[in-house]
Amino acid sequence: MPSPQSPVPNPPSPSYHFEFRTITRKFARSLVTSHGIWETREAIILKLSDSTGKVGWGEIAPISWFGSETLEQALDFCHQLPQEITAANIFSIPDNLPACQFGFESALEGLGMRNCPMTNFQYSALLPAGDTALHQWQTLWQEGYRTFKWKIGVNHISQELQIFDLLTQALPYTAKLRLDANGGLNYEQAQLWLGTCDQLRKNSESAVEIEFIEQPLPVADFFGMLALSQCYDTAIALDESVATLQQLAACYDKGWRGIFVIKPAIAGYPSRLRRFCQQHKIDAVFSSVFETAIARLAALRLAAELSYKNRAVGFGINHFFTQAEDDTWPQSLF
Ligand code: MG
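Per chain, residues are indexed from 1 in the order of the written sequence. For a predicted model such as this one, the threshold for reporting local features is a pLDDT of at least 70, and the threshold for listing and counting side-chain atom pairs is 80 or more; totals across whole chains, interfaces and linings nevertheless cover every residue. Excluding hydrogens and water, the side-chain values take into account all heavy atoms of the structure.

## Considering the packing of aromatic side chains
By convention, a stacked pair of Phe, Tyr or Trp rings (six-membered ring in the case of Trp) has centres within 6.5 Å and planes under 30 degrees apart, an edge-to-face pair has planes over 60 apart, and any other such pair is tilted. Summed over all chains, the structure comprises 17 aromatic pairs. With centroids separated by 5.3 Å and ring planes inclined at 50 degrees, the aromatic side chains of F18 and F104 adopt a geometry described as tilted. Of this pair, F18 sits in strand β1 (residues 15-33) while F104 sits in helix α3 (residues 98-109), and the two are 86 residues apart along the sequence. Buried means the residue's accessible area, taken with a 1.4 Å probe over protein chains only, is under 20% of the maximum for its type, while exposed means over 50%, and partly exposed covers the values in between. Taking relative accessible area as the criterion, F18 reaches 4% and is therefore assigned buried. An aromatic cluster of at least three residues, connected via ring pairs, comprises F27, W38, W65, F66 and F290. Numbering goes from the N terminus for both helices and strands, where a helix is a DSSP run of H or I of at least four residues and a strand is a run of E of at least two.

Right, dumping it as structure tokens:
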């Protein structure tokens, strides 16, 4: 019997049985961005089970060229963990492993939760780069998409401006178009694009709405983007500049009040992201990193809570994979 002065012993924290598998999915067509060509998507699927038989699924879907850890670093982290882990293991993942932080905490949050798909979102569909976009948008429009994203900074700017002209004429005026440069423009090119988008708005009230230009300049040119955001009506969204929560908070501190693209799967702990967004009420667009339904559901749960401006979420990417997950997935992996 403990004496009245002795501290009340903490109940032992629950432990979870931990398993993981790597998966590889091939893109239906290779993905072209200004960072290069992407052929396959690799990720790690996590399974946590508690003593009552409840299961929580998590997914580590890094994109190292975007600022997260590499798949190898994430795998090394998983391999060094014991088979039985506790919340203490999960909340001591270092900040240089943000995709691991997301995967493990979302598995913990998801323990016992049913994976119901969420349907009350507007989705933005990613168009292929170049003039293929001119032939693809109709199919996506018929599938119900009203917001589209098109990659720029991939081909020569004069060629892209010509395609842009055709695309904006072809799209119904109720559509919204986002342009994503992936940091591939220089200052003069960004001025040309922003000026062209402003002009489109001025020339015709029935023109398609250019919602924003995403990451026009490289990450190192933050102050260039801040200056541009004050000179044009067309909005700018930061993406590569705000890959992790640390970067997001740093840009906010340096004065960015435009749009933030958040890729929850590489942004670190969901709880920390939630706290930051709730505190600052930032204008956020939630976006995919070509994750499976596991990370997608966890990311969409955050988007549902934190999309204060109700912008379309960037998860319209199923048409980029040949195979959808079936009903036996992910159980069939283990
Ligand atoms: Mg982007």
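What follows continues from the structure just given.
## Focus on the coordination of the magnesium ion
For the magnesium ion, the full set of protein donor atoms is D180 (OD), E214 (OE) and D239 (OD), at a range of 2.0 to 2.3 Å. Between the donor residues of the magnesium ion, the gaps in sequence give the motif D-x33-E-x24-D. Taken together, the positions of D180 in strand β7 (residues 176-180) and D239 in the loop between β9 (236-238) and α8 (245-253) put the pair 59 residues apart, joining distant regions of the chain. Exposure class is identical for D180 and D239. Each is buried. Only nitrogen, oxygen and sulfur atoms within 2.8 Å of the metal, or 3.2 Å for Na, K and Ca, are treated as donors, and water is left out, so sites may look incomplete.

## Overview of α8
Taken together, the buried positions of α8 are L245, L248, C251 and Y252. Seen end-on, α8 carries its buried residues on one side only, within an arc spanning 125 degrees. Just past α8, the residue G255 takes up positive phi, approximately 110 degrees. It is the directions from the helix axis to the C-beta atoms that the arc portrays.

## Some words on the domain arrangement of the protein
Once the domains are mapped, the protein shows domain 1 (15-116) and domain 2 (123-320). In this structure, domain 1 and domain 2 have C-alpha centres spaced 25 Å apart. Summing both sides of the interface, domain 1 and domain 2 together bury roughly 3100 Å²; the carbon and sulfur share of this comes to 62%. Each of two parts loses accessible area, computed with a 1.4 Å probe, when they are put together; buried area is these two losses added. Sorting the residues of domain 1 by area buried against domain 2 places R29, F66 and F102 first, and these three jointly supply 24% of that buried surface. The working definition used for a salt bridge is a side-chain nitrogen of Lys or Arg within 4 Å of a carboxyl oxygen of Asp or Glu. There are two salt bridges connecting domain 1 and domain 2. Linking R274 and E109 is a salt bridge whose minimum nitrogen-to-oxygen distance equals 3.2 Å. Under this definition, polar contacts are N or O atom pairs within 3.5 Å; protein pairs additionally need one hydrogen-donor-capable and one acceptor-capable atom, and for neighbouring residues in sequence, both atoms have to be side-chain atoms. Run the count over domain 1 and domain 2 and you get 13 residue pairs in polar contact (both at pLDDT 80 or more). Of all the secondary-structure elements, those providing two or more residues to the side of domain 1 that touches domain 2 are β1, β2 (36-49), β3 (55-60) and α3. Tallying contributions element by element places β1 first for the side of domain 1 that touches domain 2, with nine residues. Among the residues forming the side of domain 1 that touches domain 2, the class breakdown is 20 nonpolar, eleven polar and eight charged. Per the annotation, domain bounds derive from an automatic or database assignment of domains. Residue type decides the class: Asp, Glu, Lys and Arg count as charged, Ala, Val, Leu, Ile, Met, Phe, Trp, Tyr, Cys and Pro as nonpolar, and the leftover types, Gly among them, as polar.

## Section: the pattern of salt bridges
Between side chains of opposite charge, a pair can form when the charged atoms approach closely. Counting across every chain of the model gives ten salt bridges. Here D95 ties to R272 by a salt bridge, and the two come within 2.9 Å at their closest N and O atoms. Separated by 177 residues along the polypeptide, D95 in the loop between α2 (87-90) and α3 and R272 in helix α9 (residues 270-280) bring together distant segments of the chain. On the basis of relative accessible area, R272 is assigned to the partly exposed category, the value being 25%. Between D180 and K149 there is a salt bridge, with its nearest N and O atoms 3.5 Å apart. Residue D180 is found in strand β7, and its partner K149 is found in strand β6 (residues 147-151); the two are separated by 31 residues along the sequence. For the pair D180 and K149, a shared accessibility class is recorded, and that class is buried. Salt bridges sharing partners connect three or more residues here, namely K149, K151, D180 and E214.

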